[in-house]
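# Chains, contacts and geometry: an overview
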Amino acid sequence: MSFFSSLAVTAFWQADALPPGNGPDSSGDIFLWIALAVGVLALLAAVLFARNVLGNDAGTPQMRLISDAIREGAEAFMKRQYSAIAILAVVIAVILYIGYYASAYSRPFANKVVISFIIGATCSALSGYSGMFVSIRANIRVASAARTSIGKALQTALRGGAVTGLVVVSLSLLGIGLLFLAFGGLDNPQQAPYQLVGFGFGASLVALFAQLGGGIYTKAADVGADLVGKVEAGIPEDDPRNPAVIADLVGDNVGDCAGRGADIFESTAAENVGAMILGAALYPVFGIKGILFPLVVQAINLVSSIIGVGIVYSSETEDPMHALNRGYYVTSLLALAGFAAAVKYMLSGHWWLLASGICGIVTSFLFVRITEYYTETRFRPVRSIADASDTGPATNIITGIAVGMETPALPVVVISSALLLSYYFGVRGLEDVAGVSNYAKGIYGTAIATMGMLSSAAYILAMDTFGPITDNAGGIIEMSDQPHAVREKTDRLDAAGNTTKALTKGYAIGSASLAAFLLFSAYLESIHAIVASRVAAAGEILPPGWSFANVNLASVPVFVGALLGAMLTYLFSSLAIKAVGRAAQYVIEDVRSQFQENPGIMAGTSKPDYGRCVRIVTTAALKEMMVPGLLAVAMPLAVGISFRHLSGLFGAGAQLGPVPTLHGIPVNLTGAEAVAGLLMVGTISGILLAMFMNNAGGAWDNAKKYIETGAHGGKRSEAHKAAVVGDTVGDPFKDTAGPSLHVLIKLLATVTLVLAPLFV
C-alpha cells in the first residue's frame, strides 16, 4: 500500500455505511474549472487595477526624482534578496528529495513533493515581488492625486494595494488547483491532496525569508533615521536632509508590501492544502466537492474583494478609515453570501457547517476590532503610553510593555471560542453521517472556520499594502517641498495606513492560529497513516483503537520537544530583534558621519548620499536574515531525526495503550512524538509572543503620533522625545519579529507535515 494511498484510507475514519444520497458525485469536477477560471479573471482584474493606477499623473519632476530613488532601492534589494532565497530553496529541495528517496515508503513520491515545493516557493516569490512592483509606482501617483483630491488619492492607494491582494490569492488558488489537476486529482481525488504538502512548505520557506529580510531592512533604516534625525538632529520625519530617509521609504515596500504578501500567500496556501486533505478523508460523504470546497471559497474571496475595492470612495472631509471599513464590510457580507451558496451546492446543505464558517468570519472581524482598540489613538492603551511619556523614556517603555502583555488576553478568548464553537458545529453538521467519529467531524468544522477567516484575505491585504503606499506618498510630498495643505491630506491617509497595517497584523496572527491548528491535526493523522502503511506492508495489523491523535505530554520526548518549541520562538525573536539592532547601528554611524563630513547637508546647501545608506542597510539585512531563518527550518528536522535515533524505548513507553509492532518490535515513535510536542507548544508560544510584539509595537508607534498631533507638548517636547525612543523599541517588535513569528508558526506546521516520513 502506497504512502499517500494509506493516508486516504486511514485518514480520520472509514465511511462504509452512508445515508442515501450522500455518496460521491463526479459531477463536482466543474467546480475546479470554475475556481481556476475565477483565478485567471482575478489576475486580469489585478492588471486592470494596475493600469488604472499607473495611468494617473506622476507628479512633478522633483517628486519623480524621489520616487525613482525609492523604486531603484527597492528593486535592487528584492533582486539580491530573492537571489539568495533561490539558492537556499534549491539546496533545501535537494535535501528534501534525498530524504524522501532514502525511504522505500516515500520514494515514489519524491518527485511530486519536490516539484510542488519548487512551485510553491516560486508562486510565493512572485506574490511578494508583483505586489511591490505596483506599490513602488503607486506612491508617486497617490502623492500627485493628493494635490487635488484626497478621495482620488485614497482610491488610487487602495487599488494599488488591491493588486497585491488579488495576485497573492489568485496565485495560491491557481498554483494548488493546477497541481491538483496535474497530479491526477480528477481521476484520484483522494490521493492528490496529500501530494500538495510540498507547495505549502515552499510558500512558507520563501515567506519566512521575505518577511525576515524585509523586516530587518525596514526597521534598521527606520530606527537609524529616527534616532539620528528626530532625536539628535531635531529634524522632522522624511526631512530630505536625512541621509537614511530614502532607505526608510524603501523599507516600507520591501517589508510591508513584499513581506506581508508572502505571509498571506503562505496562509492561504497552507489552509487550502490542509482543508483539501480533510476533504479527501470526507470523500465518501461529499465526493470531490468536499476536496474542492477550499478552492471555491478562495474564488468567492476574489470576487467579493474585487467588488469591495471597487466601491471604495471618500469625500474630502470624511475619515479615510470610514471608507476603507465600508469596503471591508461589503467584502465580508458578499463572502458570507458566497460561503452559504458553496455550502448548499458543495456540502449538501449541511447548514451547521456554514455556522463554522461564520465563526471564522466573526473571528476575523473581532481580531481587527481588538487590534484597533489596542493600537488606535482614541482608546485607553495608546493614551496611557502617551501619558507615561511625560516622565521620560523609562516610563514610556514600562507602560508599553505592560500594554503589550495585556493584549493576548482577548484574542486568546476569541480563538478559543472559535475553535470550540466551530468544533461543535462540525459535530452537529455531520451528525447524520454514520461511521464517523465526533472528533473527525469537529476537526472538519475547525477547517471550515479557517476558510471563513480567510474568505476576505484579498481585501485585507489590499488594506495592508495601502499603508506603505500612503506612507511613501507622504514622504514624497515632504521631500519635494509641496504646500503644507497637501501634506495634511497625506498625513490623514498615512494615519489610516498606520491603522490598516496594525489591523492586518492582527488578522494575520489570527489566521495563522487557526491554520496552524488545522495543520497540526493533519500532521498527527499523517503519522498515523505512515505507521498504518508500514504495519500493513509487514503483514501485521494495528492494535484495535490505536491512534496517534493522543500525544502524551508526560512523555519525556514530548515534554523536551515542547520545551524546545517554546524556546525556538524566543530565540528566533531574539535573533530577529538583534539583527535589527546591528543593522541599525550601521545606518546610525553612516548618517552621523555624513552630517560630520558634509555640514552643508544640515544647512540645506548640499544633498546627502542616499544611495550609500541604501547599500549599507541592504547588505546588513541580507546578512542578518540567514541565521534566524535557517534555525526555523532546521529545528524540527533536527528534533525529529535525533529523537528517532535516540532510543525506541522512549516512544514505546510513552504511548497510551497498545503500541503497533513490526515483526514483534514496537514501532519507534520517539521522533514523531517529540516533533508533535515542538509543534504544539511552539505554536502556542509563538501566537502569544507575536500578539504581544505586534500590539505593543503598534501602540508605541501611535502614542508617538498622538503626541505629534499636539498632545503633551507636541513635537520636539520631552514627551515626544520619550515617545520616539519607545517607538524605536517597538519598531523591530511590530515589523520584524512579530510578523516573522506569523510565518514561523505556519512554517513549523508545513515543514513537519512534509518531513513526517523522516520521523518514523
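Criteria and cut-off values
Residues numbered from 1 in each chain as written. Predicted model: local features only at pLDDT ≥ 70, side-chain atom pairs only at ≥ 80, totals over all residues. Heavy atoms only, no water. Helix = DSSP H or I, 4+ residues; strand = E, 2+ residues; numbered from the N terminus. Expected span 1.5 Å × (residues − 1). Buried < 20%, exposed > 50% of the residue type's maximum accessible area, 1.4 Å probe, protein only. Salt bridge = Lys/Arg side-chain N within 4 Å of Asp/Glu carboxyl O. Contact = heavy atoms within 4.5 Å. pLDDT = per-residue confidence, 0-100. Core = buried A, V, L, I, M, F, W, Y, C linked by side-chain atoms within 4.5 Å. Patch = residues over 30% accessible without salt bridge, like charges linked within 9 Å, V, L, I, M, F, W, Y side chains within 5 Å. Areas by Shrake-Rupley, 256 points an atom, 1.4 Å probe, with all protein chains shown as cover. Axes fitted to C-alpha atoms, helices over the stretch in contact; angles between N-to-C directions. Left-handed = near helix turned anticlockwise from the far one by under 90°. Nonpolar A, V, L, I, M, F, W, Y, C, P; charged D, E, K, R; others polar. Phe/Tyr/Trp six-rings, centres within 6.5 Å; stacked < 30°, edge-to-face > 60°.

## Considerations on helix α7 (residues 245–281)
For α7, built from 37 residues, the straight-helix expectation of 54 Å at 1.5 Å per residue is met to within 8% by its first-to-last C-alpha distance of 54 Å. In terms of burial, α7 is largely enclosed, as 37 of its 37 residues are buried.

## Quick look at the pattern of salt bridges
As enumerated under the stated definition, the model contains 21 salt bridges in all. Salt-bridge contacts for D57 lead to R147; the nearest nitrogen and oxygen are separated by 3.1 Å. In this pair, D57 is assigned in the loop between α2 (30–54) and α3 (61–101) and R147 in the loop between α4 (110–145) and α5 (150–182), connecting sequence segments 90 residues apart. In this structure D57 comes out as partly exposed when scored by relative accessible area, which is 47%.

## With respect to the side chain of T618
For T618, the position within the fold is in helix α20 (residues 610–624). Filtering out sequence-adjacent residues up to four positions away, T618 remains in contact with F77, R80 and Y217.

## Focus on the environment of A145
Here A145 lies in helix α4. The class of A145 is buried, set by a relative accessible area of 11%. Spatially, the C-alpha atom of A145 lies 20 Å from that of M132, the residues being 13 residues apart in sequence. The contacts of A145, once residues within four sequence positions are left out, are K152 and A153.

## Digging into the confidence of the model for the protein chain
When the pLDDT values of the protein chain are averaged, the result is 83; 95% of them are 70 or greater. For the stretch residues 1–25, pLDDT sits under 50, and the model shows 66 contacts to residues farther than four places along the chain or on other chains.

## Brief notes about the nonpolar core
For soluble globular proteins, the rule of thumb is that nonpolar side chains tend to be buried together. If you look at the biggest cluster of nonpolar residues, it comprises 250 residues, and the most contacted ones within it are F293 and Y523. In terms of residue count, helix α17 (residues 484–537) provides more of this core than any other element does, 20 residues in total. Ignoring sequence-local partners within four residues, the contact set of Y523 consists of A672, V675, A676, L679, T752, L753, A756 and F759.

## Describing a nonpolar patch on the surface
A cluster of nonpolar residues, V90, V94, Y97, I98 and Y101, forms a patch on the protein surface that exposes about 470 Å² of accessible area. Secondary-structure assignment places V94 in helix α3. Accessibility expressed as a relative area gives 44% for V94, which makes it partly exposed.

## Some details on the environment of V659
Residue position: V659 is located in the loop between α22 (648–654) and β1 (661–662). Taking the relative accessible area as the measure of exposure, V659 reaches 17% and is therefore buried. C-alpha separation for the pair V659 and G202, spaced 457 residues apart in sequence, amounts to 34 Å.

## Remarks on the packing of helix α16 (residues 457–479) against α17
Packed helices, taken two at a time, are described by the angle their axes make and the gap between the axes. Interaxial distance between α16 and α17 falls to 7 Å at its minimum, and their mutual angle equals 145 degrees. Here the hand of the crossing between α16 and α17 comes out left-handed. In terms of residue class, the contact of α16 with α17 is made up of eleven nonpolar, eight polar and six charged.

## Some thoughts on the packing of aromatic side chains
Summed over the entire model, instances satisfying the criterion amount to 15 aromatic pairs. Ring geometry for F199 against F265: centres 6.0 Å apart, planes inclined by 45 degrees, an arrangement best described as tilted. In this pair, F199 is assigned in helix α6 (residues 197–233) and F265 in helix α7, connecting sequence segments 66 residues apart. Judged by its relative accessible area of 0%, F265 falls in the buried class. Judged by centre distance (5.5 Å) and plane angle (45 degrees), the rings of Y373 and F379 are tilted.

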